[in-house]
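Each chain is listed here by its residues.
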Amino acid sequence: MGSRLFQNLRTFSWSISCCRYRNQSNKVLIANCKVLTAHQPPVSFRTAAGICSTMAGSAAVSENPPIKTFQLEDTLPSLPVPPLDKTLQRYLASAEPVLTPDEYQKTVQIVSDFEKGVGKQLHEKLVQKANTSRNWMEKWWEEKAYMETRAPAAVLCNIVGGINSIIDIWPPEEGTQLERAAIFTWYTLSHFQTLRREEVPVDRSRDGKTVWSMQQLKGLFNTGRKPGIKQDILYRHFKTESEGHCPDHIVVISNGHMFIMRPFSDSGELMSSHDLFRQFTYIKEQSSHTRGQGMGALSADDRTTYAKAYDYLCELDPANAQHLKTLETAINVVQLQEGAPKNMSELYSMGMHGPNVHNRFFDKIYGVIVHENGTICCNGDHAPADGIVLVNHFYWIHQNLIDTAGAWPGSNSVTPDLPMPEKMVFAVDERVKNDLAHATETYNKNASDVELLHEIITHLEEANITEVMNCQNSLMGKKWIRAQGFHPDAFLQMAFQYTYYRMYNKPAPTYETATTRKYYHGRTETVRSCTMEAITWSKAMLDKSKTNADKVSLFKAAHDKHLLLLKECANGDGCDRHLLGLLILAQEEGISIPEIFTDPAFTKSGGGGNFVLSTSLTGYIGVHGMVMAMTYNGYGIFYCFADDSITLNMAAFKSCPETDVKRFFQHLNVSLLDMQRMLVASKM
């Protein structure tokens, strides 16, 4: 039963970082950028780290001599186990807004019985485990949140991001697919080399005093996920130079054909971007005449069905098993995709549920998709790492593209006798063809049920509050929010609570990602944003008898409570990971599932992956990314701030009669306008 309780659980810390360059044409950018030559290396990770780390709430510190990327990991404190009474108090506080008074009193009694009885026993066992483990949650989180999930990775679980080059340095342009694929891949592989040498700087807290875990960077390259009947297996093949040999090939998919490309020489030298262009050109020529086998489509099916197809494919021919191993160990996968997205909204649509499943593979964290017009996005498995890994990586690439005006990086040399990529041909029979057809049907069904929205809020206007309009005196972004004395994240989280309440006349259990990277191998904790303070304020906003002073006072209380929760979660003092650990221990000990987990309040408050609003702040510098909604009747909401705007990515299930992303966005604008009026009036 515990597995079912957590079968939908997943984290949503995905983010991709790029800069915003407003009021500049592409020609102006190019005119003011310098060209990277063979004698001019890419922008240093230590140069870019300060900006991308600051965006993520951390800071880079210059060291002399430089500290290696993973050098400080063993010095980090172990992940703590919160006191049981504090965890249960936090749980009850998060459940109260979504329960009736009678339901709440019943839950209070259930929690009390748990604390005095089996909960106390399980907590003591968890403390014992933590005493012998640097991170007691690490293995469990990977298994329960990701590997045991049976839902298809495609559409429903994977992270999606659009690369911001579409809006500045690389606008859509037909005929640029291969050139941009080569340049982007060259930078990707340069990062791979830098990480192997452990030259990526260590992230720290904003004040520079607290070191953050860098372990997740080892999940960016060379990871692979093998499907299982009941549970998948995640393989990590990346090694630093000091750890030994690391696979150094990539896989390229074009028109359903799979190729293995070897971009490094025997001595470890990366081929030039021009040579990479020749490699991609060869692949395009070899794959353009007829559609390939489309074997990657198998990874779009539900995990159990895919596991059966995977096992049969391996049994059918040893070459099949070798090809799958090649995919698993590859640095990353590059997909030369049909289609020509014209803007960021279309780019997200293609990335999450585009029509060409035969040309995709969903079991790598780093699946780059390059379209015919040179626009780039990615779709990847969330299990190996959280979004900060991709934040730093894509920000660095984007900075180099800006710095060079997207020109060819590295050496201008071309090596004529380089071996060309090799096509991977699978042995198939009727059963494999039927498996492919089934996986394609699964994908198309899920893809057709997606409703996406990508919008940028810049201004609010009373005359038309259901749209984002031009009104110079009502900018809405990080700068305005901070000028009022509030934190942008807490401010917008309260707007989400108010919006949902005004739409549905009820609270929404809400998930927000918090990082626990201050601890050894730390990942995330859940901030439960739906608090009594937030709902009390939301109700007051709709109550005409409340004065503006009342509303402001209640808003400050809700805002401050959210900041407190963020701080507690970053310190490992949330309730969700602790409760998950207790549930897993009960399962492992053969104890009946405690009533606290079967009580309806657990699901109503979001437990077991049932958060109606699944949200994540993805940065402060033009960040974009998204994942599908966590529940059928919910919303996935991902947002970032610039000085004068808020970017939102939202997803919901089209077939659900309760949800409507456009309507939610319109109501969110109304909420923000109400909040703006409230704060402006308080200063008059």
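It should be emphasised that the depicted structure is a prediction, and the values quoted were computed from it without experimental measurement.

**Details of the packing of aromatic side chains**
Now for step 1: Tallying each qualifying case throughout the model produces 28 aromatic pairs.
Now for step 2: With a centroid separation of 5.0 Å and 70° between ring planes, the pair formed by Phe 486 and Phe 555 is classed as edge-to-face. Linking Phe 486 in the loop between helix 15 (478-483) and helix 16 (488-504) with Phe 555 in helix 18 (residues 548-570), this pair joins segments that are 69 residues apart in sequence.
Now for step 3: Taking the relative accessible area as the measure of exposure, Phe 486 reaches 7% and is therefore buried.
Now for step 4: Among the residues examined, Phe 555 registers a relative accessible area of 0% and is labelled buried.
Now for step 5: Judged by centre distance (5.3 Å) and plane angle (90°), the rings of Phe 597 and Phe 602 are edge-to-face. Exposure class is identical for Phe 597 and Phe 602. Each is buried.
Now for step 6: Feature note: the residues Phe 184, Phe 192, Phe 221, Phe 238, Phe 264, Tyr 366 and Phe 394 constitute an aromatic cluster, connected by ring pairs.
Now for step 7: Positioned above the aromatic ring of Tyr 520, the side-chain terminus of Arg 134 is 4.1 Å from the ring centre.

**Remarks on the nonpolar core**
Now for step 1: Ranked by internal contacts, the top residues of the largest apolar core, which has 105 residues, are Phe 184, Phe 280, Leu 336 and Tyr 366.
Now for step 2: No other element matches the 10 residues that helix 8 (residues 177-196) contributes to this core.
Now for step 3: Setting aside its immediate chain neighbours within four residues, Leu 336 contacts Gln 177, Leu 178, Ala 181, Val 252, Ile 253, Ser 254, Asn 255, Phe 280, Ile 283, Asn 359 and Val 370.
Now for step 4: Among the nonpolar cores identified, the runner-up in size contains 43 residues, and Trp 480, Ala 508, Tyr 635 and Tyr 639 belong to it.

**Regarding the sheet that holds strand 15 (residues 613-617)**
Now for step 1: Pairing within the open sheet is mixed, and its 6 strands lie in the order 12-17-16-15-13-14. Two strands lie at the open edges of the sheet, namely strand 12 (450-457) and strand 14 (524-528), each paired on one side alone. Taking each pair of neighbouring strands and ignoring which way they run, the sheet shows an average axis angle of 20°.
Now for step 2: For strand 12 and strand 17 (residues 645-653), the ladder comprises 8 bridges, and the chain directions are antiparallel. Bridge assignment links Ile 456 to a residue of strand 17, and that residue is Thr 647.
Now for step 3: Against the sheet, helix 12 (residues 344-353) engages strand 12 and strand 17, with an angle of about 150° to strand 12.
Now for step 4: In this fold helix 19 (residues 576-588) packs onto strand 13 (510-515) and strand 14, with an angle of close to 115° to the strand it touches most, strand 14.

**Looking at helix 14 (residues 430-447)**
Now for step 1: Its 18 residues place the ends of helix 14 25 Å apart at the C-alpha level, agreeing with the 26 Å of an ideal helix rising 1.5 Å per residue.
Now for step 2: Within helix 14, burial applies to Val 432, Asp 435, Leu 436, Ala 439, Thr 442, Tyr 443, Asn 446 and Ala 447. Along helix 14, the residues classed as buried sweep out an arc of 125° about the axis, all on the same side. Away from its buried face, by an angle of more than 90 degrees, helix 14 presents the exposed residues Glu 430, Glu 441 and Lys 445.
Now for step 3: In this structure, the buried side of helix 14 is in contact with helix 10 (303-316), helix 12 and strand 12.
Now for step 4: A distance of 3.1 Å separates the backbone nitrogen of Arg 431 from a side-chain oxygen at the start of helix 14, and that oxygen is part of Asp 429.

**Points about the side chain of Ser 254**
Now for step 1: Turning to its location among the elements, Ser 254 is positioned in strand 6 (residues 250-254).
Now for step 2: For Ser 254, a relative accessible area of 1% translates into the label buried.
Now for step 3: Among the polar contacts made by the side chain of Ser 254, one reaches the side chain of Ser 287 at a distance of 2.7 Å.
Now for step 4: Residues contacting Ser 254, with those up to four places away along its chain left out, are Ile 283, Lys 284, Ser 287, Leu 336 and Asn 359.

**A short note on the confidence of the model for the protein chain**
Now for step 1: Averaged over all residues, the pLDDT of the protein chain equals 89, while 88% of them reach at least 70.
Now for step 2: Note that residues 1-40 has pLDDT below 50 and, in this model, 147 contacts with residues that lie over four places away or in other chains.
Now for step 3: Predicted confidence for residues 462-473 stays below pLDDT 50, and this span has 24 contacts to residues more than four positions away or in other chains.

What counts, and at which threshold
- Residues numbered from 1 in each chain as written.
- Predicted model: local features only at pLDDT ≥ 70, side-chain atom pairs only at ≥ 80, totals over all residues.
- Heavy atoms only, no water.
- Phe/Tyr/Trp six-rings, centres within 6.5 Å; stacked < 30°, edge-to-face > 60°.
- Helix = DSSP H or I, 4+ residues; strand = E, 2+ residues; numbered from the N terminus.
- Buried < 20%, exposed > 50% of the residue type's maximum accessible area, 1.4 Å probe, protein only.
- Lys NZ or Arg CZ within 6 Å of the ring centre and 35° of its normal.
- Core = buried A, V, L, I, M, F, W, Y, C linked by side-chain atoms within 4.5 Å.
- Contact = heavy atoms within 4.5 Å.
- Pairing = 2+ DSSP bridges.
- Axes fitted to C-alpha atoms, helices over the stretch in contact; angles between N-to-C directions.
- Expected span 1.5 Å × (residues − 1).
- Arc of directions from axis to C-beta.
- Polar contact = N/O pair within 3.5 Å; in protein donor to acceptor, adjacent residues only side chain to side chain.
- pLDDT = per-residue confidence, 0-100.

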